[in-house]
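Examining the three-dimensional arrangement
Chain by chain, the residues:
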Amino acid sequence: MNNVQTVTVGPGDGDQRLDRWFRRHFPHVPQGRIEKMCRKGEVRVDGGRVKPAHRLAVGQKVRIPPLPEPGETAKPPPRSTVSQEDARMIHASVIWRDDHIIALNKPPGLPTQGGSKQTRHVDGLSEALKFGLDDKPRLVHRLDKDTSGVLLLARSRSVAQALTAAIRHRATRKIYWAIVAGVPRPYLGEIKYGLVKAPGGGKGQGEKMLCIHPDEIDRTEGAKRAITQYATLYRVAERAAWIAMEPITGRTHQLRAHMAEIGHPIVGDGKYGGSGQENLGDGWGAKLGGIISNKLHLHARSMRFEHPVTGRDVTITAPLPDHMAHTFETFGWTTDLAAEDPFEVVK
């Protein structure tokens, strides 16, 4: 057994649960042992009793009771819960990485995080994305289950905090591509409808959002302001259009709800666009019919940010998923027809 020791929480370790901090510094001590030491008051922070979920701050002093030597509690390393097939899939999704950040081209249909009925998701599969590091990379933002495209993961706590802050403070640029039913008028516009959760809906990815007129946002309980810029790039007569979108705010289902609200739902969006295949005079439906896939045609095409470690501007671009590439081919579109940032061109 080691003697009692006091460890000061260092830079990069703040805003972290005590039990997670403990396992990082003393990986041979199991979770159950940590919880027992907290219950008995053997582990203390700044002299006070704490629970395992207590969040530490830089500079706090953690009292560590005598611990067993690593060999006394040594166990074989846990086997990866990621199958070889899933590991190959998630590796193939990596489109950019360095020592600090990994960028995926998330496949459509793969949730970003788990839920009550979701056991296979990016967060769980990221166990296969360590690439030599001890910890798996951390999610810093999300995409809807059926949305494909650029998804960033941070390979350390400090980088995760920096990227999360940059996204929260709108210091990043995200451009989405979508195919919508009909052709938006005007071709270039800004949508400012607020969003509020629909009553009786689910939580997270299962919930549905309702659009609120800008004049009614302040008078609607729970409503949040939301802004989307869009630019129509190409069209097929009046039947469908390829558009670029930039979410100025980042609300749940914002792009899908906004496009449906102006009468041009994203193709394949059964939640917001209905299932009608024809224009019956009350707006377009989200199914184009024929050989066009009924999968959601929404893709996080690119993301631009300042690298939190190197300070360089980084732009990640994700190739289209197969079903959108097939639709592009059907309509005679190629990805090089669009500028990297369509909004810079038209400004």
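Residues numbered from 1 in each chain as written. Predicted model: local features only at pLDDT ≥ 70, side-chain atom pairs only at ≥ 80, totals over all residues. Heavy atoms only, no water.

The name given to the chain in an unreviewed UniProt entry is Pseudouridine synthase, with Aquicoccus porphyridii as the source organism. Reading the Function (unreviewed entry) entry of the UniProt record for the chain gives the comment "Responsible for synthesis of pseudouridine from uracil." Per UniProt, the comment on the chain under Sequence similarities (unreviewed entry) is "Belongs to the pseudouridine synthase RluA family." (UniProt positions renumbered as here; feature names shortened; annotations may be inferred.)

Moving on, we come to the UniProt feature "active site" (unreviewed entry) in the chain. Under the UniProt annotation, "active site" (unreviewed entry) lies at D144. Note on placement: D144 falls in the loop between β9 (138-139) and β10 (148-154). (Helix = DSSP H or I, 4+ residues; strand = E, 2+ residues; numbered from the N terminus.)

What follows concerns the side chain of R301. Counting through the fold element by element, R301 comes out in strand β17 (residues 298-306). Buried charged residue R301 carries no salt bridge. Nearest counter-charge: E340, at 8.3 Å. Apart from residues lying up to four places away in sequence, R301 is in contact with V150, I175, Y176, W177, I316, T317, A318, P319, L320 and T335. (Buried < 20%, exposed > 50% of the residue type's maximum accessible area, 1.4 Å probe, protein only. Lys, Arg positive; Asp, Glu negative; His and termini not counted. Salt bridge = Lys/Arg side-chain N within 4 Å of Asp/Glu carboxyl O. Contact = heavy atoms within 4.5 Å.)

Looking now at the pairing of strand β15 (residues 228-236). Where strand β12 (residues 188-191) meets β15, 4 bridges bridge the pair, whose relative direction is antiparallel. If you follow G189 over to β15, its bridge partner there is Y230. Bridge analysis of β15 against strand β16 (residues 240-247) gives 8 bridges, and the strand direction is antiparallel. Residue pairing across strands places Y230 opposite M245, the latter belonging to β16. (Pairing = 2+ DSSP bridges.)

This part is about helix α2 (residues 31-39). Listed in full, the buried residues belonging to α2 are I34, M37 and C38. Considered in projection along α2, the buried side chains sweep an arc of 100° and stay on one side of the axis. Looking at the packing, one finds that the buried side of α2 touches α1 (18-25) and β4 (48-49). Count one or two residues on from α2 and you reach G41, which has phi positive near 80°. (Arc of directions from axis to C-beta.)

Read across the open sheet, the 4 strands follow the order β1-β6-β3-β4; overall the sheet is antiparallel. For this open sheet the edge positions go to β1 (5-8) and β4, each flanked by a neighbour on one side alone. Bridge count between strand β3 (residues 44-45) and β4: 2 bridges; the pairing is antiparallel. The residue bridging R44 from the neighbouring strand is R49, located in β4.

Here the focus is the environment of G12. Tracing the backbone shows G12 in the loop between β1 and β2 (16-17). Residues G12 and R157 lie 145 residues apart in sequence; the distance between their C-alpha atoms is 6.8 Å. With residues near it in sequence (within four places) discarded, G12 still touches R24 and R157.

Within this structure, the stated rule accounts for 9 aromatic pairs. Where F22 meets F26, the ring centres are 5.1 Å apart and the plane angle is 45°; that geometry is what we call tilted. For the residue pair F22 and F26, the accessibility class agrees, reading buried in each case. By the ring-pair criterion, three or more aromatic residues cluster together here, those being W177, Y234, W242, F328, F331 and W333. Against the face of Y272 rests K208, its NZ or CZ located 5.5 Å from the ring centre. (Phe/Tyr/Trp six-rings, centres within 6.5 Å; stacked < 30°, edge-to-face > 60°. Lys NZ or Arg CZ within 6 Å of the ring centre and 35° of its normal.)

All right, on to the pairing of β17 then. Of all 9 residues in β17, 7 are buried; the element is thus mostly enclosed. Pairing of strand β11 (residues 173-181) with β17, which is carried by 6 bridges, proceeds in the antiparallel orientation. Residue pairing for β17: W177 is matched across the bridge by H299. Sheet analysis places β17 next to strand β18 (residues 313-317), joined by 5 bridges and oriented antiparallel. Looking at the pairing, S302 lines up with T317 of β18. Where β17 folds back on β18, the antiparallel hairpin that results is connected by 6 residues, among which G311 adopts a positive phi of roughly 80°.

It is worth spelling out the confidence of the model for the chain at this point. Looking at the chain as a whole, the pLDDT averages 89, with 90% of positions reaching at least 70. Note that pLDDT drops below 50 for residues 277-282; the model gives that stretch 6 contacts with residues more than four away or on any other chain. (pLDDT = per-residue confidence, 0-100.)

All chains considered together, the criterion is met by 17 salt bridges. Close ionic contact of E238 with R185 constitutes a salt bridge, the shortest N to O distance being 2.9 Å. With E238 in the loop between β15 and β16 and R185 in the loop between β11 and β12, this pair connects stretches of sequence that are 53 residues apart. Owing to a relative accessible area of 46%, R185 belongs among the partly exposed residues under this scheme.

The next thing to look at is helix α6 (residues 254-261). Burial runs high along α6: 6 of the 8 residues are buried. Regarding α6, the residues found buried are Q254, L255, R256, A257, H258 and M259. A positive backbone phi angle near 90° is found at G263, which sits one or two residues after α6.

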